[in-house]
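As a plain string of letters, each chain reads:
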Amino acid sequence: MKKVISIVALTLINVTLFAQDEIGNIKATILNTTNTPLGSSSVSLINLPDNSMADGKITDENGIVFFKDIPIGNYSLSISHLGYQKKKSIM
């Protein structure tokens, strides 16, 4: 059975908005169910409602991913890691 990426990781998202520029930053830490950081996880930033990929990154060794200068809008994160079930969350 595949392991599950913890939803707790998605609660650690920090969004900083810049009203004048209408852009923001998204920082997330990806953890497994034992709160161990998942380095080298693939994280896609999905633009809603059209489900197009806005950006994609790989987490660092501490499970941290940072998306910079993202236009303000509605997004979801799609997270995958070898040996784990894929996880998607709406922000």
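Preceding this section is the structure that the text describes.
So, here's what we can say about the structure. No experiment lies behind these values; they were computed from the predicted model shown. (Residues numbered from 1 in each chain as written. Predicted model: local features only at pLDDT ≥ 70, side-chain atom pairs only at ≥ 80, totals over all residues. Heavy atoms only, no water.)

## Some thoughts on the environment of K87
Along the chain, the position of K87 falls in strand β9 (residues 87–90). Residue classification places K87 among the partly exposed residues on the basis of a relative accessible area of 23%. With 10 residues separating them in the primary sequence, K87 and L77 have C-alpha atoms 8.0 Å apart. (Helix = DSSP H or I, 4+ residues; strand = E, 2+ residues; numbered from the N terminus. Buried < 20%, exposed > 50% of the residue type's maximum accessible area, 1.4 Å probe, protein only.)

## Focus: unusual backbone geometry
Note the cis peptide between L48 and P49, where omega equals 5°. Assignment of secondary structure puts P49 in the loop between β4 (42–48) and β5 (52–58). Even without a glycine there, the phi angle at N35 is positive, about 60°. Secondary-structure assignment places N35 in the loop between β3 (23–29) and β4. What makes N35 partly exposed here is its relative accessible area of 48%.

## Digging into the nonpolar core
The biggest cluster of nonpolar side chains holds 13 residues, and the ones touching the most others in it are I30, V43, L45, F67 and L77. Within the residue set of this core, elements represented by two or more residues are β3, β4, β6 (64–71) and β7 (74–80). (Core = buried A, V, L, I, M, F, W, Y, C linked by side-chain atoms within 4.5 Å.)

## What about the side chain of S78?
Mapped onto the elements, S78 comes out in strand β7. Looking at S78, the relative accessible area reads 11%, which means it is buried. For S78, the residues in contact, after removing those within four places along its chain, are S42, V43, S44, I46, K86, K87 and K88. (Contact = heavy atoms within 4.5 Å.)

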